[in-house]
Amino acid sequence: MGDHHHGPAKGLSRWLFTTNHKDIGTMYLWFSFSMFILGGAFAMIIRAELFQPGMQLVEPAFFNQMTTLHGLVMVFGAIMPSFVGLANWMIPMMIGAPDMALPRMNNWSFWILPPAFLILAGTLFMEGGAPNFGWTFYAPLSTTYAPPSVTYFIFSIHVLGLSSIMGSINIIATVMNMRAPGMTYMKMPLFVWTWLITAFLLVAVMPVLAGAVTMMLMDIHFGTSFFSAAGGGDPVLFQHIFWFFGHPEVYIIILPAFGVVSQIIPTFARKPLFGYDSMVYATAAIAFLSFIVWAHHMYTVGMPVAGELFFMYATMLIAVPTGVKVFNWVTTMWRGAMTFETPMLFCMGFLVLFTIGGFTGLMLSIAPADFQYHDSYFVVAHFHYVMVAGAVFSMSAAVYYWLPKWCGRMYNETMGKTHFWISFIGFNITFFPQHFVGLAGMPRRIPDYALQFADFNMMSSIGAFIYGASQILFLYNVIATIVAGKPTSEAKTWEGAEGLEWTVATPAPYHTFETPPQVR
Amino acid sequence: MTTQSSTEYEKYYVPEKSKLAVCATIGLISSTFGAANVMNDMTFGDGATTGSWGIFWFGLFFFSATLFGWFRMAIKENLAGMNSAQLKKSYVLGMFWFIFSEVMFFLAFFGALFYVRTLVGPWLAGEGEGGRMNHLLWEGFNYQWPMPLTPQEAVGGVANQPVANMGTFQSYEQSMAFGEAAAWYLWLPMWNTIVLLSSSFTVHVAHMGLLDGNKRKFNIWLGITVALGMLFVALQALEYYEAYAHFGLTLNSGIYGSTFFMLTGFHGFHVIMGMTMLLIQWLRSVRGGHFTADDHFGFEASSWYWHFVDVVWVFLFLFVYIL
């Protein structure tokens, strides 16, 4: 068993039966990209319908299914697994470990995802249609008035939750137990730190989501009344439980993105990260606060004033650690010897656009103001600024940044930069006007709108098609790199890069560290 | 931070390939898909059977068999000395965080209970800021806990108030709360508490025996623990029978029935899981001679789990039965 020199197996069994963190990371990444394309296709249908006022392409019932599945697939299928894939690939290499702590469970965490999404997407072809109650699946829309396919939706959420919990336990065990000698906690790369905290959040809130869908299941099939006032329950109870999961969930999505940006900006500024310690503490503070702000998603539900005030102030507090992070990134670049390769461009885009999303978040946190913004396109604009320009941009940055290390080939820089600029412009054309129509009162999740919103919506749709097309370019660039990119064997792809992953050979060998590296 | 010596790394075991994950996936997905089919047949179906029970049972069997094989393999690897100290610590961490996730699962249901009892009940009865709609929706509903009369019944049933209705919620005759002080010895939950708390103690005694290298003491006290666990499950079954047959208390009995059965039901399910785990450890020790004073994590993990279900029960006893 001491033989560490074996390479990957041949054929399909390599992927089905693998226990290798790099194989599993690769599968996560490709799976999440395919989900990104699927969720993106749903988004294109939504934007095509909203291209002009009036009914254009699809039935309103189908439109509801599209908004629901777009959200679910993007959150649970595209963004979360993409960062898990990144964690699988990078964390063992960054901390000097031979593999993940629990490799067989690691494979299981991945393999239950594709069938769960197959079932979820399969609901589209079921009688009564796919889930149509929005990705937040508020009761009673998701219980009393739900289509029969809701049962399949519930079980796929259970399975996704199981996958996330197992994946997170693995990451926690890896980081706590597998660090190379000398790799103290406060020497870990920030990506590892943010993922450790994210994994903690996942283990804490995924079971709560499982509890929420279990209550739905019981209400639908077994006559309980958790979410029915007629039996003494309360539909608002659903919202509380859901958002107790849902708010930490948005940090689960963005914290690994923070980690990626904290790796890339120092590389291209050729300066160490400014305020490393404060970055760690800020991440922990954000994670703590994420547990006590959930009701800011439900200001208009009729909470007591004391509740509104508590959640408002707690929410505003989050701006402090987030501000620490943004200022640290900016200060890292200050007087740095900066160059703007594709990963850095995406990080710059992230920095500007995520901060805009942060500011609109601050606007939304003000309870009295939120009574106007609630459920409008302003909210849609806000969370796409943090989800797309935040999480997806940083994910693109991460792929360009580490792709040469992964496959030993260099991507086409011109094509990468083109991808960035089309994405950046397309993204802003799509979502910036949505702030205006939202403030003017256009509600979200409705297939039709008043005539005065027509111009901005057409603009939005055109932007969405541009953004969508730019992702095809991304896919092409990645495949072209893997198949026929310029081979590179430099251990350190980027001049300013720091960290253990840049000390191993390029492309990274199947088993990275056979003996532990000494970290000083 | 303690630095790990490099010798631990040399023993690091990378399993080459494993079919376990794929088999477990087939089992898990079939059983959940089958369960969803069964439930939809039941609720939305026209009475036609789709053979879904077969898918469900196939999946469950396949899943259980895979997990059995998986744990068997992990045990064999450990007995063969293949596990490094580092891998053992990974298993410890894995079990700890798994139990933490279970705690959070129960938290969701306890949270629902607290929210309903302190906020929703009074609001439905017209108190406070949430009670402004009382005269339109549930006029005449008085809140008390346990809730003998649902809001729907308080206004005269579904005919008078069909809002937010998925069916009719029926009241019960008797709740599970503590009744007569004179007949305290007839109150099942108290006996359940005694049984489960004792079993936590006995499993601890067993652990002490194992740490002393006294396998006989370990086997006896672990056997007693498993027996107490079985007694608990039997008493719980008796309680459910009483609830359904004599008290008219069902899942359908409004939010009291919902929270009561879901909290105690999930707890009971976890007791069965924990008991099965301990039973397997007992069989391993008695029949296979496994476990030594310094290598017995299979048992220790199960006993942690057992203490966890015990702690959950203490909270249940307090918040579901007594208060």
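Residues numbered from 1 in each chain as written. Chains lettered and ligands numbered in written order. Predicted model: local features only at pLDDT ≥ 70, side-chain atom pairs only at ≥ 80, totals over all residues. Heavy atoms only, no water.

As recorded in an unreviewed UniProt entry, chain B goes by the name cytochrome-c oxidase, listed as coming from Haliea salexigens. Word for word, the UniProt comment on chain B under Sequence similarities (unreviewed entry) is "Belongs to the cytochrome c oxidase subunit 3 family." (UniProt positions renumbered as here; feature names shortened; annotations may be inferred.)

Named according to an unreviewed UniProt entry, chain A is Cytochrome c oxidase subunit 1 originating from Haliea salexigens. Here is the UniProt Catalytic activity (unreviewed entry) comment for chain A, exactly as written: "4 Fe(II)-[cytochrome c] + O2 + 8 H(+)(in) = 4 Fe(III)-[cytochrome c] + 2 H2O + 4 H(+)(out)". The UniProt entry for chain A carries this comment under Pathway (unreviewed entry): "Energy metabolism; oxidative phosphorylation."

Colleague: I'd love a proper account of the UniProt feature "transmembrane region" (unreviewed entry) in chain B, names of residues and values included.
Modeller: Residues and elements named next belong to chain B. Summarizing the sequence annotation, UniProt attributes the feature "transmembrane region" (unreviewed entry) to residues 20-39, 51-71, 91-116, 184-206, 218-238, 258-283 and 304-322 in the numbering used throughout. Helix makes up 95% of residues 51-71 and strand 0%, and the two end C-alpha atoms of the span are 31 Å apart. For residues 218-238, the end-to-end C-alpha separation is 30 Å, with 100% helix and 0% strand making up the annotated structure. (Helix = DSSP H or I, 4+ residues; strand = E, 2+ residues; numbered from the N terminus.)

Colleague: So, the pattern of salt bridges: which residues are in play, and what are the values?
Modeller: Residues and elements named next belong to chain A. For the structure shown, the criterion picks out five salt bridges over all chains. Put simply, aspartate 23 and arginine 14 hold a salt bridge, and the shortest N to O gap is 2.7 Å. Of the residues examined, aspartate 23 reaches a relative accessible area of 2% and is grouped as buried. (Salt bridge = Lys/Arg side-chain N within 4 Å of Asp/Glu carboxyl O. Buried < 20%, exposed > 50% of the residue type's maximum accessible area, 1.4 Å probe, protein only.)

Colleague: Explain unusual backbone geometry residue by residue, including any values.
Modeller: With the exception of glycine, the majority of residues adopt a negative phi angle, and the majority of peptide bonds are in the trans configuration. Here the residue pair Thr506(A) and Pro507(A) is connected by a cis peptide bond, since its omega of -10° sits within 30 degrees of zero. With respect to the helices, strands and loops of the structure, Pro507(A) is situated in the segment after β2 (486-487). Each neighbour pair has its own omega, and for Trp145(B) with Pro146(B) the value is 0°, a cis peptide bond. Checked against the element boundaries, Pro146(B) lands in the loop between α5 (134-137) and α6 (151-154). Here Phe291(B), not a glycine, exhibits a phi torsion of approximately 80°, which is positive. One can find Phe291(B) in the loop between α9 (254-288) and α10 (297-322).

Colleague: I'd like a description of the confidence of the model for chain B, backed by residues and values.
Modeller: When pLDDT is low, close inspection of the predicted coordinates is not appropriate. Residues and elements named next belong to chain B. A residue-level look at chain B finds 93% of positions with pLDDT of 70 or above and a mean pLDDT of 89. Within chain B, the lowest mean pLDDT, 46, falls on helix α1 (residues 6-10), and the highest, 96, falls on α9. ipTM for the predicted complex: 0.94, alongside a pTM of 0.95. (pLDDT = per-residue confidence, 0-100.)

Colleague: Describe the packing of aromatic side chains, naming the residues involved and giving the relevant values.
Modeller: Across all of its chains, the model carries 97 aromatic pairs over all chains by this definition. Note that Arg179(A) overlies the ring of Tyr185(A), its terminal NZ or CZ placed 3.9 Å from the centroid. Across the ring face of Phe17(A), the terminal group of Lys19(B) is positioned such that the distance to the ring centre comes to 5.2 Å. (Phe/Tyr/Trp six-rings, centres within 6.5 Å; stacked < 30°, edge-to-face > 60°. Lys NZ or Arg CZ within 6 Å of the ring centre and 35° of its normal.)

Colleague: Tell me about the interface of chain A and chain B, and please be specific about residues and values.
Modeller: In this complex, chain A contributes 82 residues to the contact, which on the side of chain B involves 75 residues. Of the roughly 7100 Å² buried between chain A and chain B on both sides combined, carbon and sulfur atoms contribute 72%. Joining chain A to chain B, the criterion identifies one salt bridge. In this structure, the salt-bridge partner of Glu77(B) is Arg104(A), at a minimum N-O distance of 2.8 Å. Taken together, the links from chain A to chain B amount to 18 residue pairs in polar contact (both at pLDDT 80 or more). Going through the elements one at a time, α1 (12-16), α4 (103-111), α5 (113-122), α6 (150-177), α7 (190-221) and α8 (235-269) of chain A are the ones with two or more residues in the side of chain A that touches chain B. With 14 residues, α7(A) is the largest single contributor of residues to the side of chain A that touches chain B. For the side of chain A that touches chain B, a count of residues per class yields 52 nonpolar, 25 polar and five charged. (Contact = heavy atoms within 4.5 Å. Buried area = accessible area lost by both parts, 1.4 Å probe. Polar contact = N/O pair within 3.5 Å; in protein donor to acceptor, adjacent residues only side chain to side chain. Nonpolar A, V, L, I, M, F, W, Y, C, P; charged D, E, K, R; others polar.)

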